[in-house]
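# Chain and residue survey
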Amino acid sequence: AQTVTQSQPEMSVQEAETVTLSCTYDTSESDYYLFWYKQPPSRQMILVIRQEAYKQQNATENRFSVNFQKAAKSFSLKISDSQLGDAAMYFCAYRYTGNQFYFGTGTSLTVIP
Amino acid sequence: GAVVSQHPSWVICKSGTSVKIECRSLDFQATTMFWYRQFPKQSLMLMATSNEGSKATYEQGVEKDKFLINHASLTLSTLTVTSAHPEDSSFYICSARDPRQGAGNSPLHFGNGTRLTVT
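Everything numeric here is computed off the predicted structure, so don't read it as measured data.

Of the regular secondary structure elements, chain A holds zero helices and twelve strands. The C-alpha radius of gyration computed for chain A amounts to 13 Å, which stays within 12% of the reference 13 Å derived for 113 residues, consistent with globular compactness. With respect to the principal axes defined by its C-alpha atoms, chain A has extents near 40 × 25 × 20 Å. For chain A, the proportion of its 113 residues judged to be buried stands at 48%. Considering only contacts within chain A whose residues lie at least 6 apart along the sequence, 53% involve residues at least 24 apart. For chain A, the accessible area works out to roughly 5,500 Å², and carbon and sulfur atoms hold 46% of it. Between the centroid of the 9 positive side chains of chain A and the centroid of its 10 negative side chains there is a distance of 5 Å.

See the structure below:
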């Protein structure tokens, strides 16, 4: 069974600093897809970044980047130059074949001004 | 592109009544939509997969007769909470993938959710 684990229920970061959110997953598959979603107080789910397992290069989207370690089944999210608007719940998600997405339990990020 | 609209954003109903929530894909056709339930400060729990023109697939533990799903067209899925009770109060979110974005890393696109309160 596929499971996604986010071991940090809460994290905080000073504005303009860098923070890393961790995510590990369990799978026996070799081809799959990983995602980070952000859920601000409005509760709208917003895609932050995605990674294909067959790609060795880590995905980057502006201030957001991932550290994908396939062998370790780890998919952490790094947020650089944190901004107040980054405060949100962050969910890691895994998808294999078909349509089903598996979500982690989430990390609540607080940005301290 | 790839916009999913959900309506209503919030609803209050009395115990014993039914509530319908609509989920529409505005600029793409979605043969499959997903309904999630989220409790405060918790993750998304998949309730069911809605399939256009056929019966929905429910996750284990989800009551089919309480949470009726209809996916009558390629752009509309509805979730009806029947005979609602206070314990059904929650945040319900629908989502879909845009087939135009390929089958691989295409993400889920989410509606803005519906906050249901049953009094």
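As a further point, take the interface of chain B and chain A. Many descriptions give the size of an interface as the accessible area lost when the pieces come together. At the interface, 23 residues of chain B touch 19 residues of chain A. Buried surface at the junction of chain B and chain A, summed over both partners, amounts to about 1,800 Å²; 52% is from carbon and sulfur atoms. The tally of links between chain B and chain A comes to zero salt bridges. When residues of the side of chain B that touches chain A are traced back to their parent elements, those giving at least two are strand 4 (32–38), strand 5 (44–51), strand 9 (90–97) and strand 10 (108–110) of chain B. With four residues, strand 4 of chain B is the largest single contributor of residues to the side of chain B that touches chain A. A breakdown of the residues in the side of chain B that touches chain A according to their chemical character gives eleven nonpolar, nine polar and three charged.

All names here are of chain A. Throughout the structure, instances matching the rule amount to two disulfides over all chains. Linked covalently through their sulfurs, C23 and C92 form a disulfide whose S-S length is 2.0 Å. Looking down the S-S bond of the C23 and C92 bridge, the torsion is -70°, so its handedness is left-handed. Placement of the pair is C23 in the loop between strand 3 (19–21) and strand 4 (24–26) and C92 in strand 10 (residues 88–95), with a sequence separation of 69 residues.

Rules used throughout
- Residues numbered from 1 in each chain as written.
- Chains lettered and ligands numbered in written order.
- Predicted model: local features only at pLDDT ≥ 70, side-chain atom pairs only at ≥ 80, totals over all residues.
- Heavy atoms only, no water.
- Helix = DSSP H or I, 4+ residues; strand = E, 2+ residues; numbered from the N terminus.
- Rg over C-alpha atoms; globule rule 2.2 N^0.38 Å.
- Buried < 20%, exposed > 50% of the residue type's maximum accessible area, 1.4 Å probe, protein only.
- Contact = heavy atoms within 4.5 Å.
- Areas by Shrake-Rupley, 256 points an atom, 1.4 Å probe, with all protein chains shown as cover.
- Lys, Arg positive; Asp, Glu negative; His and termini not counted.
- Charge placed at Lys NZ, Arg CZ, Asp CG, Glu CD.
- Buried area = accessible area lost by both parts, 1.4 Å probe.
- Salt bridge = Lys/Arg side-chain N within 4 Å of Asp/Glu carboxyl O.
- Nonpolar A, V, L, I, M, F, W, Y, C, P; charged D, E, K, R; others polar.
- Disulfide = S-S within 2.5 Å.

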